[in-house]
Amino acid sequence: MKKITNLFIAFIAIISLNACSEDDEFTFTATPDPEGISFTNSTLEVYTLKAANADNLAERFVWNAVDFDVQTPINYELQGSASESFESYSVLGDVTATNLSVTVASMLDLAAEAGLDNDPETDLPNTGNLYFKVRAYAGSDTGNVVEQSSEVLSLAVILPEASLEEGPSFKEFYLVGDATAAGWSNDNNNTPLFRDATNENIYYYTGRFAGGDEIEGFKLLETLGDWDSQWGVDGDSFTSKAILGNDPSAFAVDSDQYYSLTVNREAFTYSFTAFDASAAATYDVVGIVGAGTSVGWPSDDNPTPDIKMTNSDFDKHIWQANDVVLTDGPVKFRANLAWDVNWGGGENFPSGIANGDDIMASAGTYTVWFNDITGRYTFIPVVTE
């Protein structure tokens, strides 16, 4: 009987080992999503690619999620090509999210493969098209894979000729909503946020927001007059209409007081916290002076040449000056037509925070905004038709 029992136990063990081996070789059966996969982001008529903006965000590609009817992660591979046939392509990113940002530098690489350049001395064109696809797949490229690709998306690009290239250009954020000075008008001299001097994706604003039960809140606009460029919140995330496919929610404001807002358009994060402005100094005048301005530095003959800024009725700490013409040279902000209180920013142009040094400006015509609480400033180029 003991031998029979031992033989039975051995038989069960062999069956168990065989079952484990079969489990290790488990394969899933997946099918492509009948709804397919496609890009959902809005695109520009033409993308201007400048080497000076290489690190800037050129486009955030967004697509719908697919369902392969399997319990396994879905990966998305964004591909870029110089030809519509996709005979060769570059993998711009491989993610599990349904969006991916592409820099100007990456697009310039594709443009070079397409035979485009910005040298006026060559016969190569400086305009053309770049092509993009997104591939969804589940499983391993070594086998057992189900995949699905989008239609090809064509984007027109232009590389300004080298002799015509200007300095770096940056995206702005403007406040809009009944918690702000502009109200819900999207083109009402809306106050901008102040961009970080070293990270173009981070913006700051410290100031008054109206709030309470009757106030919906505020959103941000990339382009004045354009609701499609709006950003807001979706749960705990900072996001845009282009990414969501519909309007994001407004930032809520609990009470009428000062707050500090920080947003990161690349990381989709934000913070919005109450700020105590009760001890902040107030000024009768804030002006702009310097060799880079049309008025120059103060002198014995002209001690107060300042370009006087306008104080906001909504927030006494926010100042603005329109159509300020600058040449290459130093400028500064100062209070009350004197040097007792003054602000500069070193090499941080067109946006930065005061550190006492001169701001080394670049020639152009600008709308200038300044916050006397934080010392943050921004020079926004005036666009002429």
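Our subject is the structure listed above.
Reading the values: the criteria
Residues numbered from 1 in each chain as written. Predicted model: local features only at pLDDT ≥ 70, side-chain atom pairs only at ≥ 80, totals over all residues. Heavy atoms only, no water. Core = buried A, V, L, I, M, F, W, Y, C linked by side-chain atoms within 4.5 Å. Buried < 20%, exposed > 50% of the residue type's maximum accessible area, 1.4 Å probe, protein only. Helix = DSSP H or I, 4+ residues; strand = E, 2+ residues; numbered from the N terminus. Contact = heavy atoms within 4.5 Å. Pairing = 2+ DSSP bridges. Axes fitted to C-alpha atoms, helices over the stretch in contact; angles between N-to-C directions. Salt bridge = Lys/Arg side-chain N within 4 Å of Asp/Glu carboxyl O.

Peer 1: How would you explain the nonpolar core if you had to name every residue and give the values?
Peer 2: Residues Phe61 and Met107 are the most contacted members of the largest nonpolar core, which totals 31 residues. Those elements that provide at least two residues to this core are strand S2 (57-62), strand S3 (75-81), strand S5 (99-103), helix H2 (104-113), strand S6 (127-140) and strand S8 (153-158). Each residue touching Phe61, except ones within four places of it in the same chain, is listed here: Phe39, Asn41, Leu78, Thr98, Asn99, Leu100, Val102, Met107, Phe132, Leu153 and Leu155. Among the nonpolar cores identified, the runner-up in size contains 25 residues, and Tyr205, Trp231, Phe251 and Val253 belong to it.

Peer 1: I'd love a proper account of the environment of Thr43, names of residues and values included.
Peer 2: Locating Thr43 in the fold gives a position in the loop between helix H1 (2-24) and strand S1 (47-48). We classify Thr43 as partly exposed; its relative accessible area is 36%. Along the primary structure Thr43 and Ser154 are separated by 111 residues, whereas in three dimensions their C-alpha atoms are 9.7 Å apart. When neighbours within four sequence positions are excluded, Thr43 is seen to be in contact with Glu59, Leu153 and Leu155.

Peer 1: I'd love a proper account of the sheet that holds strand S13 (residues 230-234), names of residues and values included.
Peer 2: Pairing is antiparallel in the open sheet, where four strands are placed in the order S9-S12-S13-S14. In this open sheet, the two strands that pair with only one neighbour each are strand S9 (174-176) and strand S14 (237-240). Each adjacent strand pair in this sheet contributes to an overall mean axis angle of 35 degrees, direction not counted. As paired elements, S13 and S14 share four bridges and run antiparallel to each other. Bridge pairing in S14 places Trp231 opposite Ser240.

Peer 1: Can you lay out the sheet that holds strand S23 (residues 351-353) for me, pointing to particular residues and giving the numbers?
Peer 2: Here we have five strands laid out as an open sheet, ordered S19-S20-S25-S26-S23, and antiparallel in their pairing. Both outer strands of the open sheet, strand S19 (310-311) and S23, are each paired with one neighbouring strand and no more. Note that S23 and strand S26 (residues 376-381) share three bridges and pair antiparallel. Bridged to Gly352 within S26 is Tyr377.

Peer 1: Please provide a residue-by-residue account of the pattern of salt bridges, values included.
Peer 2: Throughout the structure, instances matching the rule amount to nine salt bridges. Note that Arg60 and Glu266 form a salt bridge whose closest N and O atoms lie 3.4 Å from each other. Separated by 206 residues along the polypeptide, Arg60 in strand S2 and Glu266 in the loop between strand S15 (257-264) and strand S16 (269-274) bring together distant segments of the chain. The residue Lys241 makes a salt bridge to Asp247 at a minimum N-O spacing of 3.6 Å. Looking at Lys241, the relative accessible area reads 24%, which means it is partly exposed. If you follow the salt bridges from partner to partner, you end up with Glu77, Arg135 and Glu147 in one network.

Peer 1: Just give me the short version of the pairing of S2, but keep the residues and values in it.
Peer 2: Burial analysis of S2 places six of its six residues in the buried class, which makes it a mostly covered element. Bridge count for S2 against S5 is five bridges, and the pairing is antiparallel. Within the sheet, the bridge partner assigned to Glu59 lies in S5 and is Val102.

Peer 1: An account of unusual backbone geometry is needed here, citing residue identities and associated values.
Peer 2: The step from Phe349 to Pro350 runs through a cis peptide bond, and the omega angle for that step is 15 degrees. With respect to the helices and strands, the residue Pro350 is situated in the loop between strand S22 (342-343) and S23. Residues other than glycine seldom take positive phi values, yet Phe86 does so here, at roughly 55 degrees. Summarising the element assignment, Phe86 is placed in the loop between S3 and strand S4 (90-95). One non-glycine residue with positive phi stands out, namely Asn189, at about 55 degrees.

Peer 1: Describe the side chain of Ser351, listing the residues and the values that go with them.
Peer 2: Checked against the element boundaries, Ser351 lands in strand S23. By relative accessible area, Ser351 is classed as buried at 4%.

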